[in-house]
Amino acid sequence: MNIPLSKRLFVTRYPAGCATNAELLSAMQTFETVIVLIAYRRFPHALTSCASALESLLQGSSIGAAKKDGLQILVRKATTKSSAVGAFAPDEMNDLRELRNQIVHRGFSPQDDGPSVDLLISTGIPFMELCLREFHHYELLGNLLPEVEKHIQVAQQVHQLAKTVAGGRMSHCLDSLSYLVRLRFAEGNLPGWEDIAQHGEATGNRLERVERAKQQLELAGEVTWPLTCAVCGEPDCAMVELGFDGAKPSRLQPMAMTCADCGFSAGPAQPFMTEVLTTDQVKAAEPLIRQEYGL
Ligand SMILES: [Zn+2]
């Protein structure tokens, strides 16, 4: 049986088995929908969809699944077929399943955003990656649009740092991925989605608008520096506000950023996001920044 593939969004190549394995195809399509839900910040439903993608994926894997098996039994069967899957944190899989059940039965509130983002990044996406690797010899990271992949990794890094802070907030970890996908949808810059593009802005108008925004952002901060925007990719558009690290007074610390072009911004309400997105560029530009500001 050959299954016709629908329009792909964020995955550049599906696993070869999708041509004949309907459950595997469904898992990949549902994973792409997870990213659409992340883009529109429907994090609890992104988590429930991720759990559905995992169910389909395991139903479509050679683990001896029965049609009526739910996620709990499927995971248990999968752990007996692969030692790497067996070693994957079982408590976190239980947390994911329990939160999924709660959201499905009682709906969700803004309080569910943080735990949903936490479980998507720490458990849902890595477990999907692992099962695709173990049961279908397919690498999820490596077959996504490069900028989508980059911002999944940004989310993982921000999450890793946010975890080190007691009671740390999590709901912002996917902010750059979410903004990027909304931006690309609006521009029509995703394969096959050109039809929903907004009308492009004339180049002259854009340059003038960006320059005006840069000047305003420059006046707003004490030490600001233009960098390439890690979200839209435009050079010299992300105005980064720099402070001095308390522990190492000589070190310039990225505090907040706003892109004068695409409008993405991050600040103290999104701990570690500016740091992860700009540290490498700030380090490279540090001698020039010091010279310019006489630091
Ligand atoms: Zn930008």
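Residues numbered from 1 in each chain as written. Predicted model: local features only at pLDDT ≥ 70, side-chain atom pairs only at ≥ 80, totals over all residues.

Caption draft 1: Just the overall build of the protein chain, in detail. If you tally the helices and strands in the protein chain, you get 10 helices and 4 strands. Starting at the N terminus and ending at the C terminus, the protein chain contains elements arranged as α-α-α-α-α-α-α-α-α-β-β-β-β-α. The C-alpha radius of gyration of the protein chain comes to 21 Å, within 12% of the 19 Å expected for a compact globule of 295 residues. Once the C-alpha set of the protein chain is aligned to its principal axes, its extents read approximately 70 × 45 × 35 Å. Every one of the 295 residues in the protein chain was classed for burial, and the buried ones make up 40%. Once local pairs closer than 6 in sequence are excluded, the contacts in the protein chain between residues at least 24 apart make up 55%. (Helix = DSSP H or I, 4+ residues; strand = E, 2+ residues; numbered from the N terminus. Rg over C-alpha atoms; globule rule 2.2 N^0.38 Å. Buried ≥ 20, exposed ≤ 12 C-beta atoms within 10 Å, placed from the backbone. Contact = placed C-beta atoms within 7 Å.)

Caption draft 2: Quick peek at the packing of helix H2 (residues 43-59) against helix H5 (residues 90-106). Following both chains from N to C, one finds H2 and H5 inclined at 120°, their axes separated by 9 Å at the closest point. Taken together, the axes of H2 and H5 are oblique relative to one another. The handedness of the crossing between H2 and H5 is left-handed. Each of Pro44, Leu47, Thr48 and Ala51 in H2 lies in contact with H5, whose residues at this interface are Leu96, Arg97, Leu99, Arg100, Ile103 and Val104. Of the residues that constitute the contact of H2 with H5, the class distribution is 7 nonpolar, 1 polar and 2 charged. (Axes fitted to C-alpha atoms, helices over the stretch in contact; angles between N-to-C directions. Parallel < 35°, antiparallel > 145°, perpendicular 65-115°, else oblique. Left-handed = near helix turned anticlockwise from the far one by under 90°. Nonpolar A, V, L, I, M, F, W, Y, C, P; charged D, E, K, R; others polar.)

Caption draft 3: Region of interest: the pairing of strand S3 (residues 252-259). With 7 of its 8 residues buried, S3 lies for the most part within the structure. For strand S2 (residues 238-244) and S3, the ladder comprises 7 bridges, and the chain directions are antiparallel. The residue of S3 that forms the bridge with phenylalanine 244 is leucine 252. As paired elements, S3 and strand S4 (residues 265-266) share 2 bridges and run antiparallel to each other. Bridge assignment links threonine 258 to a residue of S4, and that residue is serine 265. (Pairing = 2+ DSSP bridges.)

Caption draft 4: Summary view of helix H3 (residues 71-81). Those residues of H3 lying buried are Leu74, Val75 and Ala78. With its buried residues spanning 100° around the axis, H3 presents them on a single face. Here the buried face of H3 lies against H2, helix H4 (83-86), H5 and helix H6 (113-136). (Arc of directions from axis to C-beta.)

Caption draft 5: Summary view of the domain arrangement of the protein chain. Under the domain assignment used here, the protein chain contains domain 1 (16-187) and domain 2 (203-293). Domain 1 and domain 2 are separated by 32 Å when their C-alpha centres are compared. Counting residues at the interface gives 14 residues for domain 1 and 12 residues for domain 2. Listed by contribution, the elements that provide at least two residues to the side of domain 1 that touches domain 2 are helix H7 (146-162) and helix H8 (175-187). (Domains from an automatic or database assignment.)

Caption draft 6: Molecular detail of the packing of H2 against H3. The interhelical angle for the contact between H2 and H3, taken along N-to-C directions, is 50°, at an axis separation of 10 Å. Viewed along their axes, H2 and H3 adopt a mutual orientation that is oblique. Here the hand of the crossing between H2 and H3 comes out left-handed. Counting all contacts with H2, which are made through Ala51, Leu54, Glu55, Leu58 and Gln59, the residues of H3 involved are Leu71, Leu74 and Ala78.

Caption draft 7: Highlighting the confidence of the model for the protein chain. Scored by pLDDT, the protein chain has a mean of 89; 92% of the residues are at 70 or more. Here helix H9 (residues 203-220) stands out as the element of the protein chain with the lowest mean pLDDT, 80, in contrast to H2, whose mean of 98 is the highest. (pLDDT = per-residue confidence, 0-100.)

Caption draft 8: Seen up close, the sheet that holds strand S1 (residues 224-227). Read from one edge of the open sheet, 4 strands run S1-S2-S3-S4, paired in antiparallel fashion. Two strands lie at the open edges of the sheet, namely S1 and S4, each paired on one side alone.

Caption draft 9: Here's a closer look at the environment of serine 122. Within the secondary structure, serine 122 sits in helix H6. Once residues within four sequence positions are removed from consideration, serine 122 is found in contact with Glu92 and His159.

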